[in-house]
Amino acid sequence: MSDSTTAEAPAEPPAPAAEPAEDKPNFMRLFGRYLTEANSVMVTIYSLLLAFLIGAILLIVSDEYTRSTFSYLFARPQDAWYASRDLIVESYTALFEGAILNFNTLESYQAGQAEFGNLLRPLSETLTYATPLIFTGLAVGLAFRAGLFNIGAQGQLIFGMMGALIVGFSLDLPIWLHLPLAVIAGGIAGGLFGAIPGVLKASTGAHEVISSIMLNNIAALFLVWALGTTFLHSTVKSDLVSKPVDDTAILPTLLSSLNPSLRVNLALVIGIAAAVFTWWLLSKSTFGFRIRAVGFNEHAAATAGMRIGSTYTTTMAAAGALAGLGGAALALGVSSGGITTNTALDYGFSGITVALLGRANPGGIVASALLFGALKAGALSAQPDVPVDISTLLQATIVLFIAAPALVKAILHLRTPRGGLVTLEAKGW
């Protein structure tokens, strides 16, 4: 009998050693690091919060009754706490109701005692005040991207307002032609006035801040003189007011079918379209590339063959045209019955704060314009319960923190982001 050999089963290969689990990023940890970092987004958010905190402190200090409760703070601290809390809540609630939604009106609407259009009145006022700020914010922001500080948006707005006004009452045309021509005239007038600082900088080296701020005074005084001439002065009023524009040159309101008192008009749509166009111009066009290159490093741009002087001139002209469109929005919209020396208010100067808060980004500028429009509408609506100056105070404080990110970083002990703190700078100082 032959020996039978039994084949041994091959040994199984050893199991591979368990690989260490990859370190997956912890979302909460990354988010926490982002919150404690002085990046542009968080600096903007913290600037808003700090501004409202300082506004709350000044509300307490300025209110006589609340201030009196601190005289016996250690005897009854709850009085000071409740008085301060109630004052802050009531004041900021009044701002919200005047800018976004009035809760009393909402209750009346739910009870069938108010129309839906009444609910939209605070929001309509916010959008009305925000519309010129969109244009002037874009005017300042566009110049920033070229390293220029366009502080002359106020004068450009005034000239745009006069250009639109003149075309608005002096021509007899159908609405489909008259209204666009009046709007374009405002943009052209503002653009020509805005080009002056650019030409001076390109030809003589004159700093745009000095020349543009002087041009603001020239524009304001020119408006006073022009309103006194027989060509612009109203034929039915004795005070310093212009002629009204024709009905065919008035910007149509957007929500008048819901309530005739809702003032927001087509200028808001034009402003958003201008923001979209500005974004395209900066990010997709050759001209925008030249603007950004000159703003980043004018010497490198000159070495690459770019004409720095012409870029300054065309950028300031484009910025002036944007501000001029804001003036057209005033002349053909809320002030279509005639402009005065107070029509322009401080929209041009407020455009600087809007551009700073929006980081010279068109989308951010629209958002910050809506915020400042809400502050203005809310403050005006909340009188006399809330001082009207609280809106200006909040805007100024926001700008202080936005313009000094190192201050926000120091107050809140934030970490320095990779690449350092991001600030907006104008060259040539």
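Structure report, in brief.

What counts, and at which threshold
- Residues numbered from 1 in each chain as written.
- Predicted model: local features only at pLDDT ≥ 70, side-chain atom pairs only at ≥ 80, totals over all residues.
- Heavy atoms only, no water.
- Helix = DSSP H or I, 4+ residues; strand = E, 2+ residues; numbered from the N terminus.
- Rg over C-alpha atoms; globule rule 2.2 N^0.38 Å.
- Buried < 20%, exposed > 50% of the residue type's maximum accessible area, 1.4 Å probe, protein only.
- Contact = heavy atoms within 4.5 Å.
- Areas by Shrake-Rupley, 256 points an atom, 1.4 Å probe, with all protein chains shown as cover.
- Core = buried A, V, L, I, M, F, W, Y, C linked by side-chain atoms within 4.5 Å.
- Phe/Tyr/Trp six-rings, centres within 6.5 Å; stacked < 30°, edge-to-face > 60°.
- Lys NZ or Arg CZ within 6 Å of the ring centre and 35° of its normal.
- Patch = residues over 30% accessible without salt bridge, like charges linked within 9 Å, V, L, I, M, F, W, Y side chains within 5 Å.
- Salt bridge = Lys/Arg side-chain N within 4 Å of Asp/Glu carboxyl O.
- 1 Å grid on protein atoms, 1.4 Å probe; cavity = no way out; pocket = protein on both sides within 12 Å on 5 of 7 lines; lining within 4 Å.
- Points joined across faces, edges and corners; volume = space filled by probe spheres on them.
- Nonpolar A, V, L, I, M, F, W, Y, C, P; charged D, E, K, R; others polar.
- Axes fitted to C-alpha atoms, helices over the stretch in contact; angles between N-to-C directions.
- Parallel < 35°, antiparallel > 145°, perpendicular 65-115°, else oblique.
- Left-handed = near helix turned anticlockwise from the far one by under 90°.
- Polar contact = N/O pair within 3.5 Å; in protein donor to acceptor, adjacent residues only side chain to side chain.

This paragraph deals with the overall build of the chain. Looking only at helices and strands, the chain features 18 helices and 0 strands. Over its C-alpha trace the chain gives a radius of gyration of 29 Å, far above what one expects of a compact globule, namely 22 Å for 429 residues. Dimensions along the principal axes, computed over C-alpha positions, put the chain at roughly 135 × 75 × 50 Å. Split into buried and exposed, the 429 residues of the chain put 47% on the buried side. Restricting the contact set of the chain to residue pairs at least 6 apart, pairs at least 24 apart contribute 72%. As presented, the chain carries roughly 22200 Å² of accessible surface, and 65% of it is formed by carbon and sulfur atoms.

Counting residues in each nonpolar core, the largest one holds 95 residues, and the members touching the most others are Leu332 and Ile339. Every residue in contact with Leu332, bar those within four places of it in the chain, is listed here: Ala164, Leu179, Ala182, Val183, Val245, Ala249, Ile250 and Leu251.

In this section: the packing of aromatic side chains. Following the criterion strictly, the structure yields 9 aromatic pairs and no others. Centre to centre, the rings of Phe222 and Trp225 are 5.4 Å apart; their planes meet at 45°, and the pair counts as tilted. Of the two residues, Phe222 and Trp225 are both situated in helix α10 (residues 208–227); the distance of 3 residues between them amounts to about one turn of the helix. Residue classification places Trp225 among the exposed residues on the basis of a relative accessible area of 55%. Between the NZ or CZ atom of Lys201 and the centre of the ring of Tyr312, over which it lies, the distance is 5.3 Å.

The next point concerns a nonpolar patch on the surface. A contiguous nonpolar patch, built from Leu171, Ile175, Trp176, Leu177 and Leu181 and spanning about 470 Å² of accessible area, is present on the exposed surface. Tracing the backbone through its elements, the reader meets Leu177 in helix α9 (residues 175–204). Judged by its relative accessible area of 31%, Leu177 is partly exposed.

Moving on: the layout of surface pockets. Its boundaries defined by the atoms lining it, the second largest pocket holds a volume of some 240 Å³. Taken together, 17 residues make up the lining of the second largest pocket; nearest its centre are Thr128, Arg263, Leu330, Val334 and Tyr347. Secondary-structure elements contributing two or more residues to the lining of the second largest pocket are α7 (121–145), α11 (267–284) and α14 (308–334). With 4 residues, α7 is the single largest residue contributor to the lining of the second largest pocket. In terms of residue class, the lining of the second largest pocket is built from 10 nonpolar, 6 polar and 1 charged.

Bringing unusual backbone geometry into the picture now. Its identity is not glycine, yet Leu345 carries a phi of approximately 50°, on the positive side. Relative to the helices and strands, Leu345 is located in the loop between α14 and α15 (347–357). Looking at Leu345, the relative accessible area reads 45%, which means it is partly exposed. Notably, His413 is not glycine yet its phi reads approximately 55°, a positive angle. Looking at where His413 falls in the secondary structure, it is placed in the segment after α18 (405–412). Given the relative accessible area of 69%, His413 is considered exposed.

Within the fold, Ile45 resides in helix α2 (residues 40–62). In this structure the C-alpha to C-alpha distance between Ile45 and Asp247, which are 202 residues apart in sequence, comes to 43 Å.

We now examine the pattern of salt bridges. Counting across every chain of the model gives 5 salt bridges. Between Lys201 and Glu208 there is a salt bridge, with its nearest N and O atoms 3.2 Å apart. The class of Lys201 is buried, set by a relative accessible area of 13%. Glu208 gets classed as buried once you look at its relative accessible area, which sits at 0%.

Glancing now at the packing of α2 against helix α17 (residues 389–403). Between α2 and α17, the shortest axis-to-axis distance is 8 Å and the interhelical angle comes to 140°. One element, α2, and the other, α17, form an angle in the oblique class. You can see that α2 and α17 cross each other, and the crossing is right-handed. Touching Val43, Thr44, Ser47, Leu48, Leu50, Ala51, Phe52, Ile54, Gly55, Leu58 and Leu59 of α2 are Ile390, Leu393, Leu394, Thr397, Ile398, Phe401 and Ile402, all from α17. Broken down by class, the residue content of the contact of α2 with α17 amounts to 14 nonpolar, 4 polar and no charged.

A few words now on α15. In terms of burial, α15 is largely enclosed, as 10 of its 11 residues are buried. Every buried residue of α15 is listed here: Tyr347, Gly348, Ser350, Gly351, Ile352, Thr353, Val354, Ala355, Leu356 and Leu357. Close packing links the buried residues of α15 with α2, α7, α8 (153–170), α14, α16 (362–381) and α17. Immediately beyond the C-terminal end of α15, within one or two residues, lies Arg359, with a positive phi of roughly 55°.

With that settled, the discussion passes to the environment of Thr136. You can see Thr136 is positioned in helix α7. In this structure the C-alpha to C-alpha distance between Thr136 and Ser350, which are 214 residues apart in sequence, comes to 7.8 Å. Those residues in contact with Thr136 that lie beyond four places of it in its chain are Ala153, Leu157, Tyr347, Gly348 and Gly351. In terms of polar contacts, Thr136 uses its side chain to reach the backbone carbonyl oxygen of Leu133, at 3.4 Å.

A few words now on the packing of α17 against α18. Their axes nearest at 4 Å, the elements α17 and α18 cross at an angle of 90°. In terms of their interaxial angle, α17 and α18 are classed as roughly perpendicular. Across from Phe401, Ile402 and Ala403 in α17, the residues of α18 making contact are Pro405, Leu407, Val408 and Ile411. Grouping the amino acids of the contact of α17 with α18 by side-chain chemistry returns 7 nonpolar, no polar and no charged.

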